[in-house]
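These are the residues of each chain, in order.
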Amino acid sequence: MTIPGILRYALLSVPLLLIGSCAPDGSFSPSRPVGGPVLSDTCEFAYGAYLRESQPVFFAADPTGNYCGYAICTHRRCVNGFPGDAVRACERISGGADCYVYAQGFTQSWRGPEPVVDAPPPQVQLSPGSVPVERLRRRGFSISDDRD
């Protein structure tokens, strides 16, 4: 294939890929589930609250979907968030169950084992207000002085 042919092919295929990825069933759509457990009503409510935040960082859940926690940035600039922030928040209330990343930012992408389908009821009854939220710290200012 010649260079002009490759460019013509690229110019035609790139817009089609972008249009396809923005469609409701596209792979980059945040509303399209990408694995993971079915969240309990409380965690579903918490996930909705997480998505309404202006800067959601990580949402974590256990494989049963009964326990969850998340990390958000409430300032314009935060210290970088790590998955462990949300995972630790989830594990604090899970009674020892392992939690995994359920979403990063606005994109849901399960990073744990195969979800447990018929999970026993949670040991700790959660209300929507009891889901732990980790608010990340504001990034400090650094002043550098280049003078000797």
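Because the structure is predicted, anything quoted here is derived from the model rather than measured.

A. Examining the packing of aromatic side chains more closely. Scanning the entire structure with this criterion turns up 9 aromatic pairs. Arranged with centres 5.9 Å apart and planes meeting at 15°, the rings of tyrosine 47 and tyrosine 50 form a pair that is stacked. One end of the pair, tyrosine 47, and the other, tyrosine 50, are both in helix H2 (residues 41-52), 3 residues apart, so they sit about a helical turn from each other. According to the relative accessible area criterion, tyrosine 47 is buried, its value standing at 8%.

B. View of the side chain of aspartate 62. By the element assignment, aspartate 62 lies in the loop between strand E1 (56-61) and strand E2 (68-72). Buried charged residue aspartate 62 carries no salt bridge. Nearest counter-charge: arginine 92, at 15 Å. At 2.5 Å, the side chain of aspartate 62 and the side chain of threonine 64 are in polar contact. If we ignore the near neighbours within four places in the chain, the residues touching aspartate 62 are Pro37, Tyr67, Cys90, Ala97, Asp98, Cys99 and Trp110.

C. Region of interest: the pairing of E1. Burial of E1 is extensive: 6 of the 6 residues sit out of reach of the surface. Bridging between E1 and E2 involves 5 bridges; their strand directions are antiparallel. Bridge pairing in E2 links phenylalanine 58 to alanine 71. Here E1 hands over to E2 after 6 residues, with glycine 65 in that stretch at a positive phi of 80°. Both E1 and strand E3 (residues 100-104) contribute to a ladder of 4 bridges, which runs antiparallel. Each bridged residue has a counterpart across the sheet, and for alanine 60 the counterpart in E3 is valine 101.

D. A look at helix H3 (residues 83-93). Those residues of H3 lying buried are Asp85, Ala86, Val87, Ala89, Cys90 and Ile93. Among the structural elements, E1, E2, E3 and strand E5 (133-135) are those in contact with the buried residues of H3. Trailing H3 by a residue or two, glycine 95 shows a phi angle of about 70°, which is positive.

E. Here's a closer look at the pairing of E2. Burial analysis of E2 places 5 of its 5 residues in the buried class, the great majority of the element. Here E2 shows two buried faces, one formed by Cys68, Tyr70 and Ile72 and the other by Gly69 and Ala71. Both E2 and E5 contribute to a ladder of 3 bridges, which runs parallel. Counterpart to tyrosine 70 in the pairing with E5 is valine 133.

F. Region of interest: the environment of aspartate 41. The residue aspartate 41 is located in helix H2 in this model. Residue aspartate 41 is classed as exposed on the basis of its relative accessible area, which comes to 69%. With 25 residues separating them along the chain, aspartate 41 and asparagine 66 place their C-alpha atoms 8.5 Å apart.

G. Molecular detail of the state of the cysteines. Within this structure, the stated rule accounts for 2 disulfides. Between cysteine 43 and cysteine 68 runs a disulfide, and the two sulfur atoms are separated by 2.3 Å. Of note, the bridge from cysteine 43 to cysteine 68 carries an S-S torsion of about -100° and is left-handed in sense. With cysteine 43 in helix H2 and cysteine 68 in strand E2, this residue pair connects regions lying 25 residues apart in the sequence. In this structure cysteine 68 comes out as buried when scored by relative accessible area, which is 0%.

Each value, and the rule that gives it
- Residues numbered from 1 in each chain as written.
- Predicted model: local features only at pLDDT ≥ 70, side-chain atom pairs only at ≥ 80, totals over all residues.
- Heavy atoms only, no water.
- Phe/Tyr/Trp six-rings, centres within 6.5 Å; stacked < 30°, edge-to-face > 60°.
- Helix = DSSP H or I, 4+ residues; strand = E, 2+ residues; numbered from the N terminus.
- Buried < 20%, exposed > 50% of the residue type's maximum accessible area, 1.4 Å probe, protein only.
- Lys, Arg positive; Asp, Glu negative; His and termini not counted.
- Salt bridge = Lys/Arg side-chain N within 4 Å of Asp/Glu carboxyl O.
- Polar contact = N/O pair within 3.5 Å; in protein donor to acceptor, adjacent residues only side chain to side chain.
- Contact = heavy atoms within 4.5 Å.
- Pairing = 2+ DSSP bridges.
- Disulfide = S-S within 2.5 Å.

Read these as geometric descriptors, not functional statements.
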